[in-house]
Amino acid sequence: MSLLSPSHTFLRHHLHRNTSNSSTRHSLRSFFNAKSSLSLSTKTHQCLTNNSTYQLHFLPDITSLCESNDLTKAYLLLQENPYNAQIKEAIGVLLQACGRLKNLEIGKKVHEIVLASTQYSNDFVLNTRLITMYAICGSPLDSRRVFDNLSAKNLFQWNAIISGYTRNELYSDALNIFVELITLTELKPDNFTFPCVIKACGGIGEVGLGYVVHGMAAKMGLIGDVFVGNALIALYGKCGLIEEMLKVFEVMCERNLVSWNSIICGFSENGFPHESFNFFLEMMSCDVGLIPDVATLVTLLPVCAAEGAVEMGRLVHGLAIKLGLNQEIMVNNALVHMYSKCGYLSEAQILFDRNNNRNVVSWNTIVGAFSMAGDKCGSFDHLRKMQMEEEMKANKVTVLNALTICLGKSEFLSLKELHGYSLRHGFQNDELVANALVAAYAKCGSMTSAEYVFDGMRSRTVSSWNAVIGGHAQNGDPSKALNFFHQMTCSGLEPDWFSISSLLLACTHLKSLQYGKEIHGFVLRNGLEKDLFVAISLLSLYMYCEKSFSARVLFDGMEDKSLVSWNAMITGYSQNRLLIDAITLFRQMVSNGIQPSEIAIMSVFGACSQLSALRLGKETHCYALKASLMDDVFISCSIIDMYAKCGCIERSQWIFDKLTYKDVASWNAMIVGYGIHGYGKEAIELFEKMQEQGQWPDGFTFVGILMACSHAGLVEDGLKYFNQMQNFHGLKPKLEHYSCVVDMLGRAGQLDDALRLIDEMPEEPDAGVWNSLLSSCRTYGALDMGEKVAKKLLELEPKKAENYVLLSNLFAGSAKWDDVRKVRQSMKENGLQKDAGRSWIELGVNVYSFVAGDDTLPESEDIREMWREIEEKISEIGYKPLTDSVLHEVEEEEKINLLRGHSEKLAISFGLLKTTKGVTLRVCKNLRICVDCHNAAKLISKVADRKIVVRDNKRFHHFRDGFCSCQDFW
């Protein structure tokens with residue numbers, strides 16, 4: 001101890017003495033003199049030699065200071081002891097520490113010490129460490145200066161500079177220096193050179209050059225080296241050459257943990273998750289006894305995340321705990337990402353909270369997790385907490401993760417905050433951030449702000465243009481989308497699949513078929529037709545433009561039909577009222593073994609609703625039950641709507657009552673169902689119950705309740721709810737609400753009140769409003785008002801046959817046959833034709849259609865015979881043909897014959913002919929049922945002892961025991 005004390009005191013004295021001492025200044029000056037050397041004077045040499053304790057502990061003290069990250073003290077100690085015998089080793093230790101801690105400032109000062117020494121300025125070991133230190137500190141230019149200033153170089157310096165370039169991703173420079181090595185020197189690359197060069201080949205995607213380097217390594221007998229083999233596995237994996245990667249792995253005579261990690265990573269990055277898992281399990285079971293490290297786990301966990309394989313993820317998590325790696329920051333971050341990606345956000349949150357060593361990646365991962373889950377509150381809450389942490393600032397990735405949750409107007413202020421933060425930290429110049437800001441502003445409906453960001457971008461890529469084009473296409477300004485597309489092409493940039501898809505969306509909104517066809521031509525010329533998104537965008541365009549045949553040709557030509565493409569076709573058919581085609585394609589989809597999505601099923605329910613195809617609706621309902629889709633609110637609402645529109649309102653009520661959760665849409669579907677069946681009181685009771693249970697009605701709710709009051713003749717109630725809608729619920733009535741009230745007043749004969757309401761409307765009435773009033777004028781014979789209303793209607797819709805038919809019927813009802821002929825002549829001149837009365841009935845798996853007056857069916861004679869029997873029976877209890885329902889200038893006998901040929905009478909007769917006693921007949925008609933057929937159906941229900949349900953173009957009629965559910969008010 002007595003020997004150690006003086007040395008300890010001497011060390012502390014030299015670390016803390018006054019550096020202004022003249023002798024010290026002199027020694028330092030000579031030390032940094034370029035001409036001086038580290039040769040020792042005799043006196044100094046004797047002094048230091050005598051102090052053997054100091055010589056013994058100088059290097060351990062330097063090492064200890066470096067290990068405790070106190071590089072400043074280590075440098076001062078080095079600086080004050082230039083003649084120590086261990087100075088070279090001490091410089092080497094300090095340079096390594098500078099690299100490890102990326103302390104470029106101290107590293108450069110140590111470099112000055114080396115340069116000042118004639119003894120060490122060309123030392124191979126120290127210069128190699130200088131090259132490496134600069135490379136690790138991210139200063140490859142300084143590494144190159146050191147390398148170029150060497151008077152002689154051995155392989156270690158060449159390897160160091162190649163490694164430095166590769167480390168800093170200057171792959172081309174690394175390959176150039178490698179070429180210099182093999183062409184300008186006699187040195188031969190070794191098992192340290194080749195891994196760096198192979199990595200550089202992968203960095204620039206030069207697999208061809210990688211093959212050459214692979215061949216060189218083989219010729220030099222290094223192919224069996226584990227480091228070379230690992231680098232080749234990584235190269236081929238990165239370039240997607242799975243077979244070559246596997247061959248290298250299989251021929252390796254020695255494999256270490258990096259080998260296994262590389263092969264697992266290669267399979268993972270190339271979309272072979274199961275192979276990744278298999279190789280991991282093989283590694284764990286091999287005899288070598290390899291133990292997974294951090295790299296293994298952070299390679300496997302993203303695979304689990306991508307595949308949603310949470311069970312495998314849990315196994316990896318358990319392994320991490322067993323190995324004591326679960327607290328490693330990279331492993332913890334990967335676990336948080338895996339659990340959140342698999343939908344286990346609470347587990348991710350627990351792991352994040354338990355992590356006491358969080359870095360920026362940790363915060364980015366949890367912010368991204370909540371954004372991905374659509375939890376905007378959680379995402380922004382973590383973002384704020386992150387900003388409150390000391391020395392923890394959001395970076396570009398943080399901003400990008402937070403921007404993905406800005407999807408609506410409610411996030412606009414948060415979006416502005418993120419934009420402001422980006423401006424303050426210079427992120428707005430980053431292409432990804434700028435593009436994300438444009439897209440986020442577009443989603444929030446602020447295209448002005450989106451364009452502001454776009455205009456401020458220094459350079460614009462295709463992605464930048466796509467963001468603003470897609471924004472305008474999705475925000476209802478497709479013309480601007482087209483303008484920006486033209487600007488993009490004029491700037492010399494080629495559109496990609498996203499540009500084309502956005503442009504097709506714009507054309508779809510504009511119904512611009514011609515321009516859409518031009519884009520289709522561009523797609524074909526540039527080979528983009530196989531792109532799934534482009535193909536589906538084209539399908540949607542043709543369907544929206546009512547070119548279903550073109551859409552079908554495109555669909556049939558698709559090699560790989562995705563679920564989205566089937567959905568687009570089925571939905572398109574349904575929207576274009578090609579209902580049979582929609583149902584047929586759905587059946588084909590199921591028979592091909594494709595699991596229909598909720599969208600396709602909803603479209604089929606919609607088709608069944610419009611066709612009143614109850615049997616198929618029930619089949620689809622069974623499918624939804626088997627597929628466990630009943631908890632989906634859209635599916636359940638579609639089923640309620642389907643049963644209501646197929647005449648089974650009781651079944652709709654049963655489904656509604658069974659729902660575990662009823663949102664506004666569910667209540668709306670049921671209220672509308674009651675409305676179209678004329679069950680006004682039931683609709684009102686349900687409306688009141690809805691509010692009692694805390695559900696707040698919306699605009700659609702009031703459409704349903706007003707329609708119900710209209711069909712049930714509950715005028716006072718309807719007006720009460722119309723006022724309540726405005727004064728209590730604060731909802732501004734739209735045209736559809738006014739149309740319901742006008743229809744309600746008109747049906748009740750309050751035509752003047754209906755016209756007064758139209759005059760007082762805050763906006764111009766549309767054709768639907770005038771159509772409702774004209775129909776009421778026809779019912780009540782209000783000829784003068786009807787003519788004025790018809791004039792307004794024809795101004796708005798001069799090419800719609802139904803409007804002329806209403807006016808013609810108005811004149812015919814008042815026996816104004818000359819005016820009838822004039823209206824029919826106008827229809828001819830406009831190329832319009834009245835829709836023939838058509839009814840259809842579903843029996844078994846078939847739907848049978850009947851047109852008024854059609855006697856060409858195979859069963860026509862049987863149908864006529866059935867009607868004669870029925871007419872005879874109902875005549876006995878009071879039926880008399882109501883010839884006023886025939887709006888033609890013909891004889892009475894002819895009118896009676898025309899009444900017998902009405903399509904609903906044919907359908908009912910056919911139903912009685914083909915079904916057994918007790919079976920309910922369900923008939924649909926494309927026009928409003930006439931008074932004569934309505935009277936006949938009531939009496940038929942009584943004499944045949946059948947329930948008959950007729951759905952016309954306005955509502956349902958339930959006939960039973962000689963009465964109708966409408967109570968003759970329709």
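Residues numbered from 1 in each chain as written. Predicted model: local features only at pLDDT ≥ 70, side-chain atom pairs only at ≥ 80, totals over all residues. Heavy atoms only, no water.

- As recorded by an unreviewed UniProt entry, the chain carries the name DYW domain-containing protein and is attributed to Acer negundo.
- Its UniProt record gives the chain the following Sequence similarities (unreviewed entry) comment, quoted word for word: "Belongs to the PPR family. PCMP-H subfamily." (UniProt positions renumbered as here; feature names shortened; annotations may be inferred.)

1. A closer look at the overall build of the chain
Here comes step 1: Of the regular secondary structure elements, the chain holds 53 helices and six strands.
Here comes step 2: The C-alpha atoms of the chain give 42 Å as radius of gyration, which overshoots the globular expectation for 970 residues (30 Å, by more than 25%).
Here comes step 3: Each of the three principal axes of the chain carries a C-alpha extent, and together these read 145 × 60 × 55 Å.
Here comes step 4: A burial count over the chain gives 49% of its 970 residues as buried.
Here comes step 5: Nonlocal contacts in the chain, meaning residues at least 24 apart in sequence, comprise 62% of its contacts between residues at least 6 apart.
Here comes step 6: For the chain, the accessible area works out to roughly 47,400 Å², and carbon and sulfur atoms hold 53% of it. (Helix = DSSP H or I, 4+ residues; strand = E, 2+ residues; numbered from the N terminus. Rg over C-alpha atoms; globule rule 2.2 N^0.38 Å. Buried < 20%, exposed > 50% of the residue type's maximum accessible area, 1.4 Å probe, protein only. Contact = heavy atoms within 4.5 Å. Areas by Shrake-Rupley, 256 points an atom, 1.4 Å probe, with all protein chains shown as cover.)

2. Focus on a nonpolar patch on the surface
Here comes step 1: Taken together, the side chains of Trp-497, Phe-498, Leu-532 and Phe-533 define a hydrophobic patch exposed on the protein surface, amounting to about 360 Å² of accessible area.
Here comes step 2: For the nonpolar patch, the secondary-structure elements that each account for two or more residues are helix H30 (497-510) and helix H32 (532-544).
Here comes step 3: Looking at the element boundaries, Trp-497 is found in helix H30.
Here comes step 4: Owing to a relative accessible area of 34%, Trp-497 belongs among the partly exposed residues under this scheme. (Patch = residues over 30% accessible without salt bridge, like charges linked within 9 Å, V, L, I, M, F, W, Y side chains within 5 Å. Salt bridge = Lys/Arg side-chain N within 4 Å of Asp/Glu carboxyl O.)

3. Some remarks on the UniProt feature "repeat: PPR" (unreviewed entry) in the chain
Here comes step 1: When the UniProt feature table is mapped onto this chain numbering, "repeat: PPR" (unreviewed entry) sits at residues 154-189, 225-259, 461-495, 562-596, 663-697 and 734-764.
Here comes step 2: Across residues 663-697 one finds 74% helix and 0% strand; the C-alpha atoms that close the span lie 10 Å apart.
Here comes step 3: Across residues 734-764 one finds 74% helix and 0% strand; the C-alpha atoms that close the span lie 11 Å apart.

4. Brief notes about the packing of aromatic side chains
Here comes step 1: Applying the stated criterion across every chain yields a total of 25 aromatic pairs.
Here comes step 2: Relative to Trp-465, the ring of Phe-454 lies with its centre 4.9 Å away and its plane at 75°, an arrangement referred to as edge-to-face. Note that Phe-454 is positioned in helix H27 (residues 447-455) and Trp-465 in helix H28 (residues 462-474), a separation of eleven residues in sequence. Trp-465 matches Phe-454 in its accessibility class, with the two residues each being buried.
Here comes step 3: Seen in terms of ring centroids, Trp-497 and Phe-533 are 4.7 Å apart; in terms of plane orientation they differ by 25°. Their pairing is stacked. Residue Trp-497 is located in helix H30, and its partner Phe-533 is located in helix H32; the two are separated by 36 residues in the primary sequence.
Here comes step 4: In this structure an aromatic cluster arises from ring pairing among Phe-249, Trp-260, Phe-267, Phe-272 and Phe-279.
Here comes step 5: Its end group placed over the ring of Phe-249, Arg-255 keeps NZ or CZ at 4.1 Å from the ring centre. (Phe/Tyr/Trp six-rings, centres within 6.5 Å; stacked < 30°, edge-to-face > 60°. Lys NZ or Arg CZ within 6 Å of the ring centre and 35° of its normal.)

5. Side note on the sheet that holds strand E1 (residues 838-843)
Here comes step 1: The sheet built from six strands is open, its strands ordered E2-E1-E3-E4-E5-E6 with mixed pairing. Pairing within the sheet leaves two strands with one partner each, and these edge strands are strand E2 (846-851) and strand E6 (963-964).
Here comes step 2: In this structure, strand E4 (residues 948-951) lies alongside strand E5 (residues 956-960), joined through four bridges in antiparallel fashion. Within E5, the residue paired with Val-949 across the bridge is His-958. (Pairing = 2+ DSSP bridges.)

6. Notes on the confidence of the model for the chain
Note that predicted coordinates carrying low pLDDT should not be read in detail.
Here comes step 1: Residues with a pLDDT of 70 or more make up 94% of the chain, whose mean pLDDT is 87.
Here comes step 2: Confidence over residues 1-50 falls short of pLDDT 50; this stretch has 50 contacts with residues more than four positions distant or in other chains. (pLDDT = per-residue confidence, 0-100.)

7. Section: the environment of Met-866
Here comes step 1: Structurally, Met-866 can be placed in helix H50 (residues 860-876).
Here comes step 2: Those residues in contact with Met-866, other than ones at most four positions away along the chain, are Ser-909, Leu-912 and Leu-913.

8. Focus: the pairing of E4
Here comes step 1: By the alternation rule, side chains of E4 split into Ile-948 and Val-950 and Val-949 and Arg-951, which are all buried.
Here comes step 2: Examined bridge by bridge, strand E3 (residues 921-925) and E4 share four bridges and lie parallel to one another. From the neighbouring strand, Val-923 faces E4, where its bridge partner is Val-950.
Here comes step 3: Handedness of the β-α-β unit built from E3, helix H53 (residues 931-943) and E4 comes out right-handed.
Here comes step 4: Counting the residues that bridge the hairpin from E4 to E5 gives four residues. (Right-handed = clockwise from strand over helix to strand, strands pointing away.)

9. What to know about the packing of helix H42 (residues 699-712) against helix H43 (residues 715-727)
Here comes step 1: Contact geometry for H42 and H43: axes closest at 8 Å, N-to-C directions at 160°. As judged from the angle between their axes, H42 and H43 are roughly antiparallel. Here the hand of the crossing between H42 and H43 comes out left-handed. For the pair formed by H42 and H43, the contact residues are Phe-702, Ile-705, Leu-706 and Cys-709 on the first element and Asp-717, Gly-718, Tyr-721, Phe-722 and Met-725 on the second. (Axes fitted to C-alpha atoms, helices over the stretch in contact; angles between N-to-C directions. Parallel < 35°, antiparallel > 145°, perpendicular 65-115°, else oblique. Left-handed = near helix turned anticlockwise from the far one by under 90°.)

10. Topic: the nonpolar core
Here comes step 1: In terms of nonpolar packing, the biggest core is built from 268 residues, with Ile-62, Leu-78, Ile-91, Leu-94, Ile-162, Ile-705 and Leu-773 touching the most fellow members.
Here comes step 2: Those residues in contact with Ile-162, other than ones at most four positions away along the chain, are Ala-174, Ile-177, Phe-178, Leu-181, Thr-193, Cys-196 and Val-197.
Here comes step 3: Counting residues in hydrophobic clusters, the runner-up holds 30 residues, among them Phe-910, Leu-912, Ala-937 and Ile-948. (Core = buried A, V, L, I, M, F, W, Y, C linked by side-chain atoms within 4.5 Å.)

11. Considerations on a positive patch on the surface
Here comes step 1: On the surface, Lys-102, Arg-167, Lys-199 and Lys-238 cluster together into a patch of positive charge.
Here comes step 2: Along the polypeptide, Lys-102 turns up in the loop between helix H6 (87-100) and helix H7 (104-116). (Lys, Arg positive; Asp, Glu negative; His and termini not counted. Charge placed at Lys NZ, Arg CZ, Asp CG, Glu CD.)

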